[in-house]
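Chain by chain, the residues run as shown.
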Amino acid sequence: MAQARHGFDESLAGRRAECDGGHAVPGSHFAGREDFAGTLTGEFVDHGDPPWRWYLLADLTLKPDGYTDDSVWCESGNLFVQELGT
């Protein structure tokens, strides 16, 4: 199994972004698609073969009810970075 590789992308640090991802549905054994919005830290992790890249979104301004953390890892394909100046 491939080792996870951690890194930092300075061009994304501090950028506002949105992502959708899985989140457990409270009181069930199911997960659903949920929306998150916040600020990218620039941190990422690649894992798997082929590697999947995940970015850390923090200081969340939008998160599902019951989600208590203030950060979430977002898969790159589900990440929508706002244009600079917007």
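Everything that follows concerns the structure shown earlier in this document.
Residues numbered from 1 in each chain as written. Predicted model: local features only at pLDDT ≥ 70, side-chain atom pairs only at ≥ 80, totals over all residues. Heavy atoms only, no water.

K.L.:
Before we move on, can you summarise the state of the cysteines with the specific residues and values?
P.N.:
Per the stated rule, a full pass over the model turns up one disulfide. A sulfur-sulfur distance of 2.1 Å marks the disulfide that ties C19 to C74. With C19 in strand β2 (residues 16–24) and C74 in strand β5 (residues 71–75), this residue pair connects regions lying 55 residues apart in the sequence. Across the pair, C74 and C19 agree in class, each one buried. (Disulfide = S-S within 2.5 Å. Helix = DSSP H or I, 4+ residues; strand = E, 2+ residues; numbered from the N terminus. Buried < 20%, exposed > 50% of the residue type's maximum accessible area, 1.4 Å probe, protein only.)

K.L.:
Lay out the packing of aromatic side chains with the relevant residues and their values.
P.N.:
In the structure shown here, the tally under the stated rule is three aromatic pairs. Both rings, one in W52 and one in W54, keep their centres 6.2 Å apart while their planes meet at 40°; by these two values the pair is tilted. In this arrangement the basic side chain of R53 is found over the ring face of F44, its NZ or CZ atom lying 3.7 Å from the centre. (Phe/Tyr/Trp six-rings, centres within 6.5 Å; stacked < 30°, edge-to-face > 60°. Lys NZ or Arg CZ within 6 Å of the ring centre and 35° of its normal.)

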